[in-house]
Amino acid sequence: MKIIKFAFFCLLLFSVTVFAQETDEQIKSEVLAKYSTRDYVFTPLPDRGYNYFKVAKDTYFVHNDFDNMVFFVTKKGVVVVDPKPALSQTVIEVIKEVTDKPITHVVYSHHHRDHSQGAYLFPESAELIAHKKVAEFMAIANDPMRPAPDVTWTDTFTLTTGGFTLEMKDLGRNWHSQQDVIMYAPKQKILIAIDMFHPDAAPWIHFGESSDPMFAFGLPDLLMNTYDFDFVVVGHEKIIGTKAHMEKYNALLVDMKNILIEVVKSPVYQVLGEQTDKRFAEFEVHYKYKAGITSAMNLCAQKLIESDWSKKLRNIELNAAENFQTMFMHIIVLDP
Ligand SMILES: [Zn+2]
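The rules behind each value
- Residues numbered from 1 in each chain as written.
- Predicted model: local features only at pLDDT ≥ 70, side-chain atom pairs only at ≥ 80, totals over all residues.
- Pairing = 2+ DSSP bridges.
- Helix = DSSP H or I, 4+ residues; strand = E, 2+ residues; numbered from the N terminus.
- Axes fitted to C-alpha atoms, helices over the stretch in contact; angles between N-to-C directions.
- Contact = placed C-beta atoms within 7 Å.
- Expected span 1.5 Å × (residues − 1).
- Bend = angle between axes of the 7 residues up to and from the residue.
- Buried ≥ 20, exposed ≤ 12 C-beta atoms within 10 Å, placed from the backbone.
- Parallel < 35°, antiparallel > 145°, perpendicular 65-115°, else oblique.
- Left-handed = near helix turned anticlockwise from the far one by under 90°.
- Domains from an automatic or database assignment.
- Nonpolar A, V, L, I, M, F, W, Y, C, P; charged D, E, K, R; others polar.

> Give a detailed account of the sheet that holds strand β4 (residues 78-81), specifying residues and quantitative values.
Note: strands within a sheet are paired through backbone hydrogen bonds, in either parallel or antiparallel orientation. Strand order in the open sheet formed by 7 strands is β1-β2-β3-β4-β5-β6-β7, and the pairing between neighbours is mixed. This sheet does not close on itself; its edge strands, each paired only once, are β1 (51-56) and β7 (151-153). Within the sheet, the average angular offset between the axes of one strand and its neighbour, ignoring direction, is 20 degrees. Summarising the sheet, strand β6 (residues 127-131) and β7 pair through 3 bridges and their orientation is parallel. The partner of Ala130 across the bridge, within β7, is Thr152. Along the sheet face, helix α4 (residues 132-141) touches β6 and β7 and points at about 105 degrees away from the line of β6.

Next comes the structure, spelled out in structure tokens:
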């Protein structure tokens, strides 16, 4: 009898272990198959106006139609990243549904209001973490919805709590705001690069109001060469970003650069330039430059919209001209 009991115990232990391993992979496959697809973008939200799903073990992705946030349940409590006003209250409700553990940490991504004005909703006992420069912007804003952080850091910071690790890094240059932060959860293989790009969609205007476009253009390559990740959280879109989405965004940037160079060297562009020269008087140089930029961005946008990128990404026509304007200014005019 004892032997049977022992055998049964071993079998139970074995099946629990196998089940746990399968679950990790199952979560990933399910997210890849269901929650990172274009079909999911067009799937209506439940009546409550949001949805959430597991993206790794003890890791949840909460979203509405345009915003998303992620939180991690550790052995000690819950770590919330990017306290957006659009979702923080929802995240607090979802946390109550999945665990009775307290919220122990809230991490600011950058100082922009749409990513930080939910911070005041979290319990005061939760430790608020920010890059030192982000904290300086918060101090200037003096906004009760964006309380001053309890912990600040420069260069790098590793949050370790209840068996969970979140690595934060200041890359030295920024892709979007005046101080961006890369976050990485190595065990979950999740990268957090807020406002970097839009998975399965065209970039936001002027490449997401990029503060440093030349750095932003090289960022996908840099991240893919530095971090081993399955998913990337960017703070917007209903779907979670995957490595494939980032690869596609990188390919878009490469193609856009090629289109730009091709257009600038093209006879059509030269002819337009000559016509512009005739249209304005010698002293109207400002107008000549502006006309040159405008014809380049429009020719480039037209080429992109007519290419197969219109099938590869949603809303490719949206902001196409403005994004080529940014690219023209930085690659053709400003890049040394
Ligand atoms: Zn922002």
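> Tell me what's going on with helix α11 (residues 320-334), and back it up with residues and numbers.
Spanning 15 residues, α11 covers 20 Å between terminal C-alpha atoms, matching the ideal 21 Å at 1.5 Å per step. The principal kink in α11, of about 25 degrees, is found at Phe328. Those residues of α11 that fall on the buried side of the exposure criterion are Ala320, Asn323, Phe324, Gln325, Thr326, Met327 and Phe328. The elements touched by buried residues of α11 are α5 (205-209), α6 (213-226), α7 (243-265) and α9 (285-306).

> Tell me what's going on with the packing of α7 against α9, and back it up with residues and numbers.
At a closest axis distance of 9 Å, the pairing of α7 and α9 adopts a crossing angle of 130 degrees. On the basis of their axis angle, the class for α7 and α9 is oblique. The hand of the α7/α9 crossing is right-handed. Residues Met256, Ile259, Leu260, Val263 and Val264 of α7 touch α9, and the partners they reach there are Ala296, Leu299, Cys300, Lys303 and Leu304.

> Any details on the domain arrangement of the protein? Residues and values, ideally.
Domain parsing of the protein yields domain 1 (10-250) and domain 2 (253-334). Here the C-alpha centroids of domain 1 and domain 2 sit 35 Å apart. Taken residue by residue, the interface counts 15 residues in domain 1 and 14 residues in domain 2. Those elements that provide at least two residues to the side of domain 1 that touches domain 2 are α5, α6 and α7. Looking at which element gives the most residues to the side of domain 1 that touches domain 2, the answer is α6, with 4 residues. The class makeup of the residues in the side of domain 1 that touches domain 2 is 11 nonpolar, 2 polar and 2 charged.

> I'd love a proper account of the packing of α9 against α11, names of residues and values included.
Where α9 meets α11, the axes come as close as 8 Å, and the angle between the chain directions of the two elements is 125 degrees. Of the possible angle classes, the one that applies to α9 and α11 is oblique. As for how α9 packs across α11, the hand of that crossing is right-handed. For the pair α9 and α11, the contacting residues are Ile293, Ala296, Met297, Asn298, Cys300, Ala301, Leu304 and Ile305 in the first and Ala320, Ala321, Phe324, Gln325 and Phe328 in the second. Within the contact of α9 with α11, the residues separate by chemical class into 11 nonpolar, 2 polar and no charged.

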